[in-house]
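Overview (structure and organization)
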Amino acid sequence: MSRPGYISLPIITVLFCIGYVYYTTVFVAIEGWLRLSTAAGLANAAGFTLLTLVCIATYTTAVVKDPGRVPASFVPDLERPNTAIHEIKRKGGDLRYCQKCCHYKPPRAHHCRVCKRCVLRMDHHCIWINNCVGHENYKVFLVFVLYAVIACVHSLVLIIGSATHNVPTEEDLPSNDSRTSTIICAVLLCPLSLALAVLLGWHIYLILQNKTTIEYHEGVRATWLAEKAGNIYRHPYDLGPFENLVSVLGPNICCWACPTSGHIGSGLRFRTAYDLSPASTPI
């Protein structure tokens with residue numbers, strides 16, 4: 001059975017890029033513009049170093065953390081009075097069962113062909129972390145993307161500032177290696193910042209609707225089929241924007257940007273719009 005956390009070429013590439021951007025930002029851009037010996041230079045270097053460490057920590061956690069494993073003993077609770085309709089297959093009315101893993105699938109769980117197992121609340125398989133993004137590591141993945149966007153923007157500002165500040169004298173003129181390193185870093189950061197910003201915006205959009213990437217694509221088809229039949233489709237896990245945010249990021253707003261996930265529950269059952277008790281929480 002495949003496990004997360006194996007070192008792969010994409011992971012090595014990400015770590016190399018982080019190291020390269022850090023070196024160029026601190027020891028080329030900041031040193032060449034603000035100087036590390038000044039208060040402004042030291043403050044920017046310290047802030048960027050902290051951002052880099054947070055990115056490395058959250059990225060490593062997303063790589064090694066299990067996204068959520070379906071317990072071998074899991075069986076749908078058919079005796080519950082409010083068993084949700086989304087635990088049933090769309091066709092045939094059978095319970096969701098994985099033929100490859102030979103066990104029942106909880107709501108929102110899907111089988112990953114790469115990891116070769118079912119993942120709780122699976123969002124997608126990400127080659128850049130060589131792991132699935134699922135119930136257990138979704139928030140830390142999101143926090144990594146958030147801080148990566150901030151770090152990229154910070155680095156771009158410093159690099160642009162370094163390139164456009166007062167023209168240095170002949171003695172202070174940067175070497176060809178420094179100029180080349182700055183140009184390469186800027187060329188790398190521009191599309192990377194845009195891609196990460198789009199990815200962050202996409203997941204914020206999904207969180208506001210309490211959807212995964214898989215559920216979004218399933219919802220597009222479900223909406224089309226419902227409209228074709230003259231009905232209205234509503235995503236069963238959409239509890240409203242604020243409750244959706246709380247269900248994914250946690251009840252404490254101050255911790256939304258922290259890579260903590262002690263609130264998320266077992267991932268075997270989730271609140272839905274059909275629940276009779278709005279105050280109920282995931283089990």
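Residues numbered from 1 in each chain as written. Predicted model: local features only at pLDDT ≥ 70, side-chain atom pairs only at ≥ 80, totals over all residues. Heavy atoms only, no water.

Overview of the pattern of salt bridges
In total, this model carries five salt bridges according to the counting rule given. Of the charged contacts in the structure, one is a salt bridge between Glu243 and Arg271, with a shortest N-O distance of 3.3 Å. Here the residue Glu243 occupies a position in helix 6 (residues 241–249), and Arg271 occupies one in the segment after helix 6, the gap between them amounting to 28 residues. A single network of salt bridges, built from pairs that share partners, joins Asp66, Arg69 and Arg117. (Salt bridge = Lys/Arg side-chain N within 4 Å of Asp/Glu carboxyl O. Helix = DSSP H or I, 4+ residues; strand = E, 2+ residues; numbered from the N terminus.)

A word on the UniProt feature "transmembrane region" (unreviewed entry) in the protein
Per the UniProt record, the feature "transmembrane region" (unreviewed entry) sits at residues 7–30, 42–64, 140–161 and 181–208. Along residues 7–30, the helical share is 92% and the strand share 0%, with 32 Å between the first and last C-alpha atoms. Helix makes up 100% of residues 140–161 and strand 0%, with an end-to-end C-alpha separation of 31 Å. (UniProt positions renumbered as here; feature names shortened; annotations may be inferred.)

Some remarks on the side chain of Ser193
Within the secondary structure layout, Ser193 lies in helix 4 (residues 176–208). Given a relative accessible area of 10%, Ser193 falls into the buried group. Within the structure, Ser193 has its side chain in polar contact with the backbone oxygen of Leu189 (distance 2.7 Å). (Buried < 20%, exposed > 50% of the residue type's maximum accessible area, 1.4 Å probe, protein only. Polar contact = N/O pair within 3.5 Å; in protein donor to acceptor, adjacent residues only side chain to side chain.)

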